[in-house]
Amino acid sequence: MSPKDILLAGIVILAWGVNFVVIKVGLEGVPPMLLGALRFMLAAFPAILFVRRPDMPWRWLLAYGLTISLGQFAFLFSAMYVGMPAGLASLVLQAQAFFTLGFAALFIGETVRRSSLIGLLVAAAGLLLIGSESGRSFTLAGFALTLCAAAMWGLGNIVTKRIGQVNLVSLVVWGSLIPPLPFLALSLAIEGPAQIETALRHLSLNSVLAIAYLAFIATLLGYGLWSRLLSRYPASQVAPFSLLVPVVGLSSAWLLLGEGLSALQWLGAAVVMLGLLINVFGARLLLQLRRATA
C-alpha cells in the first residue's frame, strides 16, 4: 500500500474513531432518534443529486438502509444516550465481526474458520469482563443496546454480501434515503413532539457541527475513502485497519471527554482486541505455522 493510501486509511480511522465522541456531543442537545433522522437526511441530500443510484433492486437497498443504517444507529445512539461511554461503545461495537460470522453461517451457509471461532470465544470473554463492570461507569442497558447495534451491523454486512459488487459510496448515499422517515416516526413515538420541538428550537452550534460531522465526515468522507481503498487493494489488506477504530475511540474519549476505564475494563478491552486480532490474522498465522513445521 502506498504512503498516500496509508494516510487515507489513517484519515478514515481517525474520522470513525472520533465519531463516538461526536455522537456524545450531539446527544447532549438532540435526542437519539431525532439525531439519527437529521444525520441521514443530511447524508442523503443533496448527495443523491450527484451520485447515481446503485444498480440493485430496491428491496436490497431497503434491507441495507433498515439494518446497517437505521437499526445500527438507532441502537447505538440509544445506548450512548442512556449511559454507554463513547470509548467503550467504539470497542463493543466491533463485536459486529462475530455477529457477521454467525449470520453468515446461519443465512448463507458460510463455514466458520477455527481461528474465527477461537477469536469469538476470546472476544466474548473480554465482553463479559467489560459487562461485569456495568452499574459503575456505565449502564447495563447501554451495554446491551450497543451489542444490539453490533448485531444490526452484522446483519447489514450479510445484506451487503448478498448485494455483491456495488459502488460503496453510491450504496451509502442512497441507503441514507431509507432511515430518515423511520427515525422520525420513532422520534415522534418515543421522544414526542414536545421534545422534538424543544431540540430543534434550541439547536446549538455544537449540535449543528456534530450532525454535520456525522453526515459528511463519518458517513460520506469515511465511506468514500474506504471504498477507494477497497477498489485498489484486497479486502484482507484494508480490513485490518478497522481494528484501530476502537484504539482511536478509546483515546479520543479519554482526551476529549475525560472518560477513564477501570483496571478490569482495560483488561476486557485488551482481551476483545486480542479476539479481533485472532479473527483477522489467525488463519494466516496457522497456515504459516503449518508450512514452517511441514
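Residues numbered from 1 in each chain as written. Predicted model: local features only at pLDDT ≥ 70, side-chain atom pairs only at ≥ 80, totals over all residues. Heavy atoms only, no water.

- As annotated in an unreviewed UniProt entry, the protein chain carries the name O-acetylserine/cysteine exporter and comes from Phytopseudomonas dryadis.
- According to the UniProt record, the Subcellular location (unreviewed entry) comment for the protein chain reads "Membrane". (UniProt positions renumbered as here; feature names shortened; annotations may be inferred.)

Side note on the overall build of the protein chain
Stage number 1. Along its length, the protein chain carries 13 helices and 0 strands.
Stage number 2. Listing the helices and strands of the protein chain from first to last along the sequence gives α-α-α-α-α-α-α-α-α-α-α-α-α.
Stage number 3. Radius of gyration (C-alpha) of the protein chain: 19 Å, near the 19 Å computed for a compact globule of 294 residues.
Stage number 4. Along the longest, intermediate and shortest principal axes, the C-alpha atoms of the protein chain span 70 × 50 × 40 Å. (Helix = DSSP H or I, 4+ residues; strand = E, 2+ residues; numbered from the N terminus. Rg over C-alpha atoms; globule rule 2.2 N^0.38 Å.)

Observations concerning the side chain of Ser-227
Stage number 1. Position of Ser-227 relative to the elements: it lies in helix H10 (residues 205–232).
Stage number 2. Apart from the residues within four sequence positions on either side, Ser-227 is in contact with Leu-168 and Val-169. (Contact = heavy atoms within 4.5 Å.)

Description of the packing of aromatic side chains
Stage number 1. Under the criterion given, the structure shown has 9 aromatic pairs.
Stage number 2. Judged by centre distance (5.3 Å) and plane angle (55°), the rings of Trp-16 and Trp-226 are tilted. Note that Trp-16 is positioned in helix H1 (residues 3–27) and Trp-226 in helix H10, a separation of 210 residues in sequence. Each member of the pair, Trp-16 as well as Trp-226, is classed as buried.
Stage number 3. Between Phe-103 and Phe-107, the ring centres sit 5.8 Å apart and the planes meet at 25°, which makes this aromatic pair stacked. Residue Phe-103 and its partner Phe-107 are both found in helix H5 (residues 96–107); the two are separated by 4 residues, about one turn of the helix.
Stage number 4. Owing to a relative accessible area of 19%, Phe-103 belongs among the buried residues under this scheme.
Stage number 5. You can call Phe-107 partly exposed: its relative accessible area is 48%. (Phe/Tyr/Trp six-rings, centres within 6.5 Å; stacked < 30°, edge-to-face > 60°. Buried < 20%, exposed > 50% of the residue type's maximum accessible area, 1.4 Å probe, protein only.)

Describing the UniProt feature "domain: EamA" (unreviewed entry) in the protein chain
Stage number 1. Annotation from UniProt places "domain: EamA" (unreviewed entry) at residues 6–130 and 142–280.
Stage number 2. In residues 6–130, the share of helix is 76% and the share of strand is 0%. The end C-alpha atoms are 32 Å apart.

Some thoughts on a nonpolar patch on the surface
Stage number 1. On the surface, Val-112, Leu-117, Leu-120 and Leu-121 cluster together to form a nonpolar patch covering roughly 330 Å² of accessible area.
Stage number 2. Examined against the element boundaries, Val-112 turns out to sit in the loop between H5 and helix H6 (114–131). (Patch = residues over 30% accessible without salt bridge, like charges linked within 9 Å, V, L, I, M, F, W, Y side chains within 5 Å. Areas by Shrake-Rupley, 256 points an atom, 1.4 Å probe, with all protein chains shown as cover. Salt bridge = Lys/Arg side-chain N within 4 Å of Asp/Glu carboxyl O.)

With respect to the environment of Phe-103
Stage number 1. Sequence spacing of Phe-103 and Leu-225 is 122 residues, and the spatial spacing of their C-alpha atoms is 27 Å.
Stage number 2. Apart from the residues within four sequence positions on either side, Phe-103 is in contact with Ile-108, Ala-151, Gly-154, Leu-155 and Ile-158.

Some thoughts on the nonpolar core
Stage number 1. Counting residues in hydrophobic clusters, the biggest one holds 79 residues, and the most contacted among them are Phe-20, Leu-76, Met-80, Met-84, Phe-183 and Trp-226.
Stage number 2. Apart from the residues lying within four places of it in its own chain, the contact partners of Met-84 are Lys-24, Ala-79, Ala-89, Val-92, Phe-138, Gly-142, Phe-143 and Thr-146. (Core = buried A, V, L, I, M, F, W, Y, C linked by side-chain atoms within 4.5 Å.)

Describing the environment of Phe-45
Stage number 1. Looking at the secondary structure, you find Phe-45 in the loop between helix H2 (32–44) and helix H3 (58–81).
Stage number 2. Assessed through its relative accessible area of 46%, Phe-45 is described here as partly exposed.
Stage number 3. Phe-45 sits 27 residues away from Val-18 along the chain, and the two C-alpha atoms are 23 Å apart.

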